[in-house]
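Below are the chains, spelled out letter by letter.
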Amino acid sequence: MSLSFSLQQSRDSHLFLLLLIFKPLPILADSGLAPQATVSVSAAANVSSSRPSVANIGAIFTFNSTIGRVAKIAMEQAVKDVNANTSILHGTKLVLQMQDSNCSGFMGMVQSLRFMETDVAAIIGPQSSVVAHIISHVANELRVPLVSFAATDPTLTSLQFPFFVRTTQSDLYQMTAVAEIIDYYGWKEVIAIYLDDDYGRNGVSVLDDQLAARRCKISYKAAIKSGSVDRGEITNLLVQVALMQSRIIVLHTNPDSGFMVFNVAHYLGMTTNGYVWIATDWLSSVLDSTSLPSETMDILQGVLVLRQHTPDSDRKKSFISTWNKLTGGSLGLHSYGLYAYDSVFLLAHALDAFFSQGGIVSCTNYTSLRDDKPGGLNLDAMSIFDNGTLLLKNIEQSDFLGLTGHVKFAPDRCLVRPAYDVINVVGTGIHRVGYWSNYSGLSIVPPETLYAKPANKSSANQHLHSVIWPGDTLSKPRGWVFPNNGRQLRIGVPVRVGFREFVSRVQGTDMFKGFSIDVFTAAVNLLPYAVPYHFVPFGNGRENPSYTELVNLITTGYFDSAVGDIAIITNRTKIVDFTQPYAASGLVVVAPFKKINSGGWSFLRPFTPFMWTVTACFFFFIGIVVWVLEHRINDEFRGPPKQQFITILWFSLSTLFFSHRENTMSTLGRLVVLIWLFVVLIINSSYTASLTSILTVQQLSSPISGIDSLKNSNERIGFQVGSFAEHYLVEDIGISENRLVRLGSPDAYAKALQLGSKNGGVGAIVDERPYIEIFLSTQCTFKIVGQEFTRSGWGFAFPRDSPLAVDLSTAILQLSETGDLQRIHDKWMTRSSCSLDNAEIDSDRLQLKSFWGLFLLCGMACFIALVIHFVQIMVRMWHAPPPEAASNGSSISGRFQRFLSLIDEKEESPRSERRKRNGDEGSAADHQLDGRHTKKIQFDLTPNSNR
């Protein structure tokens, strides 16, 4: 409620101010445009549906300006072309009345009021965004459409100003193009120099938003006051800019201020190698319409400029030819002139549709602020366009091909398909290096050729031609330097108490040494520029400082960077940027160990007790399965119960050595034995390998096998003071803080581990691997247990989006490729002899989980074989005639006894059955064959006396 009231109050105050200024101006009465109670065209008096003979439109812009000089000629020619084409307004003559705002917001306001008291159907303009903000309030109340071809302020939206229509591109898209160019070249910080008015401030505000969306930012904003330009103020402003870190400068001003900035920048040496200047379309308008002297072009060398893109067409070429005839070549045609021309045609088409719908240009007195007291304002001068809303609707629905391409409005009332040319000032002219469009981003082909393809704004699809930068170089500028204000980088370095091989302070100085310091120094020396810095100690010197607090001081601006053994972890990467890791790291567990000598029962150690139990059960189980499958047909598995039990045990255990003498006759039995022998082969091989290792390799034992067993135990855990290990163990692992013990040096590590958890020490220590490697190089009674359970690295910390972090990362990679990084590592962290056998302890016993697949396979084979065997017996029992005893009493017990008897019954082998079927002749033949075979055997066994 309060918001709507304030908006209404603001709108009425604008109207009150305008009318207060409007009343005492005598020029209004002498202009021929005196106030009238009701104004209409001649045909409107009788409310005739016929078209009027004349349709009046107005235009407000600055005649003597870069845009105005071209727009005036373009609109005059457009009116001639409209009136010459009878198919547009169908007999109605279009009359354009122009008023000069003279670059003044006040005069623009006055001239707009002149139009508001006449029968103009619409106003082309204003040219200035400042004036547009003012008179758009009046247009809203009086319902007169404003069609601006030059007001690019992105805050002039249809929501706040429904009667404001922009027929040019909004700076929303121009600043998006600038942001994508900056992102394309990989720059992160820019400096914005802008005009301090609605046009400049709002444009830079949009640029800031677009850069932030790409993780870039405006590091410094420099405003130039609107109006007259003072060279001294510009000089002071650019001196401040030269002291900044960024060398990417976006210039968003008008031509007068812009050229003054370039002149002073050239004088200060700011248009040389290393700088990047990006000018908005104010500069392209000047370059397209005016021939600049060579001295000015020399100043502009290497500047990137944006220009509103208008596609080439035959109609555009024809108009350029006409333009050259009109101006004699003395004045060039820029994009704003083309948009001004299309604005006239836009109103002509809209008026044609308006008249076709029966629209009448009639006005009614504005009475909302009427004052009946004597001496009040002359409110009768203001009148409302009765059918302004209908005309506005026809303007919004316009759809035609103009000199600028497809003239059509999107739902937000911006022109469809916004696009810009990206041009480079080179020599005495300009060179187009590419295009930007809201559809496809940066490209080297015209946007209109891409509209037929699917939109693709991926980074791999963004391209521009080579640019000649200031200083006449093709090498892309780095985009930043260290601030030229004499200030050195404050680099925080932790003052360590333990593990001084990585970082240590030289006694009595602010100098540091160590592995991390040498890596940083070597990387800085590889940079192609000097880095002024000095180390600032961080810590009290009595215990290791908190590295998280050190990193946080970068975000507050206390430190510009942090150098040391700083782990790259998730929480820290959220607030700062790290360089490429220069050392691998990760948390490990260190615990005491004892050596295990092989004893008389060492042969039992390869398997766990559960593994021994399962294996023994499977041996007995396989013997039972084979007995069941072979009992009915194989004499070797028959006999008294005691003999059969011994046979089961002997057969199953003998398979361990592949020495079983019993033959299997059934197919199912052979299948089970085959699979079981494969399982036995694997178990034998694994057992032999493990036992060999136990007897020949030194065995180490620790009650802690890794982080999981440590978590589940009640042992106290040591960690290094200042390390992130404390936060990780408590927050991520879930270990109670009561179990954690703060330790600060390798000696404290050794003492705590020797005491043990029960004597006030610790059962294990959790720390990063580089520290543990240093610790174990002198302590041979402790070992790493388990695996490394986090993966990270060490890096140097910088503020977010710092370009120095990127360059140092490249330098660290170069150190790694040349081997210098490894040489620095060996210099500070040479291991002693006892660390060479620093093998990690892990369980060497074979467990059931390594063989469950084999046991499952064998068990399934046994189960399937038994099922098939019992099904065969059931089928046999079903088809066989029951004995007499069973027929007399058909009880369940009788059937069960019959089933058991079939299981125990001796069944003839397949060979014996064939003999019975062949009859006596077959038997005689078999006996004869057996006789010959017997003789042959006897012959073979005869002593070799004759040989």
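- With an unreviewed UniProt entry as reference, the chain is termed Glutamate receptor, source organism Arachis hypogaea.
- What the UniProt record of the chain gives under Function (unreviewed entry) is the line "Glutamate-gated receptor that probably acts as non-selective cation channel."
- Word for word, the UniProt comment on the chain under Subcellular location (unreviewed entry) is "Membrane".

### Thoughts on the overall build of the chain
1) Next: The helix and strand tally for the chain stands at 31 helices and 32 strands.
2) Next: The buried share of the chain, reckoned over its 947 residues, is 49%.
3) Next: Considering only contacts within the chain whose residues lie at least 6 apart along the sequence, 73% involve residues at least 24 apart.
4) Next: Of the accessible surface of the chain, which amounts to about 45600 Å², a share of 55% is contributed by carbon and sulfur atoms.

### Digging into the side chain of Thr-404
1) Next: You can see Thr-404 is positioned in the loop between strand E13 (399–402) and strand E14 (405–408).
2) Next: In this structure Thr-404 comes out as buried when scored by relative accessible area, which is 10%.
3) Next: Reaching out from Thr-404, the side chain makes a polar contact with the side chain of Asp-342 at a distance of 2.6 Å.
4) Next: The contacts of Thr-404, once residues within four sequence positions are left out, are Thr-310, Pro-311, Leu-338, Tyr-339 and Asp-342.

### With respect to the nonpolar core
1) Next: Counting 75 residues, the largest nonpolar core has Tyr-582, Val-589, Phe-775 and Leu-804 as the members making the most contacts within it.
2) Next: Here this core takes seven residues from helix H16 (residues 515–525), the largest share from any one element.
3) Next: Each of domain 3 (489–578 + 799–819) and domain 4 (591–595 + 700–791) gives at least three residues to this core.
4) Next: When sequence neighbours within four positions are dropped, the list of residues in contact with Val-589 reads Ile-704, Gly-706, Ile-707, Leu-710, Ala-764, Ile-765, Val-766, Lys-783, Ile-784, Val-785 and Phe-789.
5) Next: With 71 residues, the next largest nonpolar core counts Phe-115, Phe-149, Tyr-336 and Leu-403 among its residues.

### Re the packing of helix H5 (residues 105–116) against helix H6 (residues 129–142)
1) Next: Between H5 and H6, the shortest axis-to-axis distance is 9 Å and the interhelical angle comes to 20 degrees. By the angle class used here, H5 and H6 are roughly parallel. Crossing of H5 against H6: the hand is right-handed. Here Gly-105, Gly-108, Met-109, Ser-112 and Met-116 of H5 lie close against H6, whose contacting residues are Val-131, Ile-134, Ile-135, Val-138, Ala-139 and Leu-142.
2) Next: For the contact of H5 with H6, the per-class residue count stands at eight nonpolar, three polar and no charged.

### Section: the pattern of salt bridges
1) Next: Applying the stated criterion across every chain yields a total of 24 salt bridges.
2) Next: The residue Asp-801 makes a salt bridge to Arg-215 at a minimum N-O spacing of 3.2 Å. Note that Asp-801 is positioned in the loop between strand E32 (792–798) and helix H26 (803–818) and Arg-215 in the loop between helix H8 (198–212) and strand E7 (217–225), a separation of 586 residues in sequence.
3) Next: One connected set of salt bridges, linked through shared partners, spans Arg-215, Asp-577, Arg-800 and Asp-801.

### What to know about the pairing of strand E29 (residues 740–743)
1) Next: In terms of strand pairing, strand E28 (residues 717–720) meets E29 through four bridges, oriented parallel. Bridge pairing links Gln-720 to Leu-743 in E29.
2) Next: With helix H23 (residues 725–733) bridging E28 and the parallel E29, this β-α-β connection has right-handed handedness.

### With respect to the pairing of E28
1) Next: Covered by surrounding structure in E28 are Ile-717 and Phe-719 together with Gly-718 and Gln-720, the residues of both alternating faces.
2) Next: Examined bridge by bridge, E28 and strand E30 (residues 764–768) share two bridges and lie parallel to one another. The residue of E30 that forms the bridge with Gly-718 is Ile-765.

### A look at the side chain of Ser-285
1) Next: Here Ser-285 shows up in helix H11 (residues 281–289).
2) Next: The exposure class of Ser-285 is buried, given its relative accessible area of 3%.
3) Next: Ignoring anything within four residues of it in the chain, the contact list for Ser-285 reads Thr-66, His-334 and Tyr-336.

### So, the environment of Tyr-275
1) Next: Its place among the elements puts Tyr-275 in the loop between helix H10 (255–267) and strand E9 (276–279).
2) Next: The exposure class of Tyr-275 is buried, given its relative accessible area of 9%.
3) Next: Residues Tyr-275 and Trp-480, 205 residues apart in the sequence, show an inter-C-alpha distance of 8.3 Å.
4) Next: The contacts of Tyr-275, once residues within four sequence positions are left out, are Ala-242, Arg-247, Ile-249, Gly-269, Met-270, Pro-470 and Pro-477.
5) Next: Within the local environment of Tyr-275, its side chain forms a polar contact with the side chain of Arg-247, the two groups lying 3.3 Å apart.

So, how was this worked out
Residues numbered from 1 in each chain as written. Predicted model: local features only at pLDDT ≥ 70, side-chain atom pairs only at ≥ 80, totals over all residues. Heavy atoms only, no water. UniProt positions renumbered as here; feature names shortened; annotations may be inferred. Helix = DSSP H or I, 4+ residues; strand = E, 2+ residues; numbered from the N terminus. Buried < 20%, exposed > 50% of the residue type's maximum accessible area, 1.4 Å probe, protein only. Contact = heavy atoms within 4.5 Å. Areas by Shrake-Rupley, 256 points an atom, 1.4 Å probe, with all protein chains shown as cover. Polar contact = N/O pair within 3.5 Å; in protein donor to acceptor, adjacent residues only side chain to side chain. Core = buried A, V, L, I, M, F, W, Y, C linked by side-chain atoms within 4.5 Å. Domains from an automatic or database assignment. Axes fitted to C-alpha atoms, helices over the stretch in contact; angles between N-to-C directions. Parallel < 35°, antiparallel > 145°, perpendicular 65-115°, else oblique. Left-handed = near helix turned anticlockwise from the far one by under 90°. Nonpolar A, V, L, I, M, F, W, Y, C, P; charged D, E, K, R; others polar. Salt bridge = Lys/Arg side-chain N within 4 Å of Asp/Glu carboxyl O. Pairing = 2+ DSSP bridges. Right-handed = clockwise from strand over helix to strand, strands pointing away.

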